[in-house]
Amino acid sequence: MSVYLVFLILAGAAEGLLLYPLALNLRAPAQRTSLALFWFLAGGIGLLITYSLSLALASPTVTVLAAQLQYAFLGALPVLWLFFALEYSGQKTWLQPMRAWLFGVVPLLTFLLVLTNPWHRLIWENYRLVEQGRFLLFRVEHYGAWFWVHLAYSYALMLAGGYWILRECGGRHLPRYQMARQMVALALLPLAFNLFDLFYALPHWGQGLTPLGFALSGIGLGGLLLRYRGLNQLPIARQAVFDHLSEGVIILDHQLRVVDLNHAAQRLFQLERVAWVGESAAVLFPFWHAGLIPSTSDPLDVDLCLRSAETDVATYYQVRVIMLTNAHGRGLGYVITLSDQTERITYLQAIEQEAQTDPLTGLFNRRMFWQIAARAVAHSQVTHQPLALIEIDLDHFKAINDACGHLIGDAVLVEIGHRIQGVLRATDVLGRLGGDELVALLPAVTMRDAESIAQRMRREVADRPIQIEGWAVMCTISLGVAVTDGACPLTLEQLVDQADRALYRVKRRGGNAVEMEIIAAPPS
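Residue numbers run consecutively from 1 along every chain, following the written order of its sequence. Only residues with pLDDT of at least 70 get local features here, since the model is predicted, and only at 80 or more are side-chain atom pairs given and counted; chain-wide, interface and lining totals rely on the full set of residues. By convention in this description, side-chain values take in all heavy atoms of the structure and omit both hydrogens and water.

Undergrad: I'm lost on the overall build of the chain in this one. Help?
TA: Runs of E in the DSSP output that reach at least two residues are strands. Runs of H or I that reach at least four are helices, and both are numbered from the N terminus. Counting its secondary structure elements, the chain contains 19 helices and 14 strands. Using a 1.4 Å probe on the protein chains alone, a residue whose accessible area is under 20% of its type maximum counts as buried, one over 50% counts as exposed, and one in between counts as partly exposed. Every one of the 524 residues in the chain was classed for burial, and the buried ones make up 49%. Residue contacts are counted whenever heavy atoms from the two residues lie within 4.5 Å of one another. For the chain, the proportion of contacts with a sequence separation of at least 24, taken over those separated by at least 6, is 63%. Accessible areas in this description were obtained via Shrake-Rupley with a 1.4 Å probe; residue shielding takes into account the shown protein chains only. Accessible area of the chain: about 26000 Å², with a carbon and sulfur share of 60%.

Here's what the structure looks like:
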């Protein structure tokens, strides 16, 4: 057995091995394996078997019959390649039944003319059987007119398939351009082998390389597509709806490598000009971690916040991860969708902000402040840490409103809130109870520190006039401070009552002062 025959058999066996995973996928329509690709590989195997038998048996009858049968495969393979290319590049409208049958007219007519060639000699005018070693070779001396029609038609189909692959997959989806070029190069490999056969190999050697070219082409195409999981999750031929979804969509294989992205996902992660096919999800997407892999078939939903490095603007997304399985429940990969929730989250945050803050000053409103204060008092009672509550009242605020107007009065109130907030610590809380009444809560503070902070508040307001729209408004505040050491049983109402008493005493003395009220456990 010659080395060439052994090589043909090995190539056929390798192509047959590739048919197995494709055949499995044909039974799971959700995986969208190309039927045309399956039969392209099967046709290549048939061509190899036919040619190998003619070499191995060396019988005149078998050699002539094998030469005739080869035309059945040589005519069908270009059609199958075109069908695969059209399906893969999203041009399925060309594959309507009537149009698909028209593509097969020339190959079918060619095969019929081959079988009846002795009557009309349109395929070959004459041939002879040549003994070469132990092989009996079929050598055509002169080809007939229809042979060249068949050859031109086959070349046109192969080139058209390559054109659609490059046009749809290489031009529009830049990251797949390299893969598209590899596919086209593999598909056109048989044409190069065939040209070599026609003008050199067959006239000089008597043995053709075209069957081997189709075999190598099928092996390369099948291996390339299986390597990138292009047949298990989503073909390159993505429908327009996928590319134009407002949601970002990411397709991963079972090894968490990227199979596909739509335009929204490419823009979101700035991958328009990055070769992302086959890359790890952890490398491309900063949000990805092992905790996002669903352990069951149920979707996994998480919230995600992304911040722009240039503007620091936050964008909120709902991330949903869905496991892809075949008909037998075997995991194939994952679909990740990113739905922009920024408008909804911003709206909810605005509602929450309105529910918690005073619309004029931006401080905590009465309801929110008392909720915080209640928790702080409870915590103080448990941990026995000191706590201070400071009630603040603007002196003669009605006179300011009457003299300057309510707009100026509101601006004065806002400025005083800002000045007091600047005195407080990060752990302190300031709120507006209503009108010109403010209140501050100071956790973990001693009596001396509480009085010092209150005096600083008073001076911060009294020492500098408030400049607003040409007005220089002098203001003072009165402060009633209630301090508990945390050891004395106390409720929030009792703490507020003590601060009220202290503030009342300040007001009776004319304001612009601080009055302290100490609440401590009696000595044991």
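Undergrad: Looking at this structure, I do not really get the layout of surface pockets. What am I missing?
TA: Remark: the empty space left among the atoms is shown by a probe the size of a water molecule rolled over them. Here the second largest pocket defines a volume of roughly 340 Å³. Elements represented by at least two residues in the lining of the second largest pocket include exactly helix 3 (60-88), helix 4 (97-103) and helix 5 (105-115). With 6 residues, helix 3 is the single largest residue contributor to the lining of the second largest pocket. Under this grouping Gly is polar, as are all residues other than the nonpolar Ala, Val, Leu, Ile, Met, Phe, Trp, Tyr, Cys and Pro and the charged Asp, Glu, Lys and Arg. Among the residues making up the lining of the second largest pocket, the classes are represented as 13 nonpolar, 1 polar and no charged. Here a cavity is any set of points on a 1 Å grid over the protein atoms alone where a 1.4 Å probe fits but cannot get out, and a pocket is any open set with protein on both sides within 12 Å along at least 5 of 7 lines; a residue lines the site when it has an atom within 4 Å of a point. Grid points are joined across faces, edges and corners, and a volume is the space filled by probe spheres set on the points.

Undergrad: Please clarify how the confidence of the model for the chain should be interpreted in this entry.
TA: Detailed reading of the predicted coordinates is not advisable wherever pLDDT is low. Averaged over all residues, the pLDDT of the chain is 80; the fraction at 70 or higher stands at 81%. As a per-residue quantity, pLDDT reports the predictor's confidence and falls between 0 and 100. Here residues 29-33 is a poorly scored stretch, pLDDT under 50, and it has 14 contacts once near neighbours within four places are set aside; other chains count. This model gives residues 231-238 a pLDDT under 50, and the stretch forms 44 contacts once residues within four places in sequence are excluded.

Undergrad: Could you clarify how one ought to interpret the sheet that holds strand 6 (residues 314-325) in this entry?
TA: Within a beta sheet, neighbouring strands are joined by backbone hydrogen bonds and run either parallel or antiparallel to one another. Strand order in the open sheet formed by 5 strands is 4-3-7-6-5, and the pairing between neighbours is antiparallel. Strand pairing shows two members of the sheet lacking a second neighbour, strand 4 (258-261) and strand 5 (300-307), which therefore form its edges. With direction set aside, neighbouring strand axes in the sheet form an average angle of 25°. The criterion for strand pairing is that DSSP finds at least two bridges linking the strands in question. Pairing of strand 3 (residues 248-253) with strand 4 involves 3 bridges; the strand directions are antiparallel. Counted as the bridge partner of leucine 252 is valine 258 from strand 4. Set on the sheet, helix 14 (residues 342-356) makes contact with strand 6 and strand 7 (331-340); between it and strand 6 the angle comes to about 130°. Axis lines are fitted to C-alpha atoms, over the contacting stretch for helices. Their N-to-C directions set the angle, which ranges from 0 to 180 degrees.

Undergrad: Would you take a moment to explain the pattern of salt bridges for this structure?
TA: Working definition: two side chains of opposite charge can pair if their charged atoms are close together. Salt bridges are identified by distance alone: a Lys or Arg side-chain nitrogen within 4 Å of an Asp or Glu carboxyl oxygen. The full count for this structure, using the stated rule, is 13 salt bridges. The salt bridge partner of arginine 257 is aspartate 253, with a shortest N-O separation of 2.8 Å. Like arginine 257, the residue aspartate 253 is buried in the burial classification. A salt bridge links arginine 425 to aspartate 428; the nearest nitrogen and oxygen atoms lie 2.7 Å apart. For aspartate 428, a relative accessible area of 7% corresponds to the buried category. Several salt bridges share partner residues, and in doing so they unite Arg505, Arg509, Glu515 and Glu517 into one network.

Undergrad: In this structure, what is going on with the environment of threonine 484? I would like to understand it.
TA: Looking at the element boundaries, threonine 484 is found in strand 13 (residues 477-484). For threonine 484, a relative accessible area of 2% corresponds to the buried category. As a C-alpha pair, threonine 484 and isoleucine 519 span 35 residues in sequence and 4.6 Å in three-dimensional space. Threonine 484 has contacts with Pro386, Leu387, Leu490, Leu495 and Ile519, leaving out every residue within four places of it along the chain.

Undergrad: Can you walk me through the state of the cysteines in this structure?
TA: Here a disulfide denotes one covalent bond, and it connects the sulfur atoms of two cysteines. Pairs of cysteine sulfur atoms within 2.5 Å are what we label disulfides. Applying the stated criterion across every chain yields a total of 0 disulfides. For the unlinked cysteine cysteine 475, the closest cysteine sulfur is that of cysteine 404, found at 8.7 Å.

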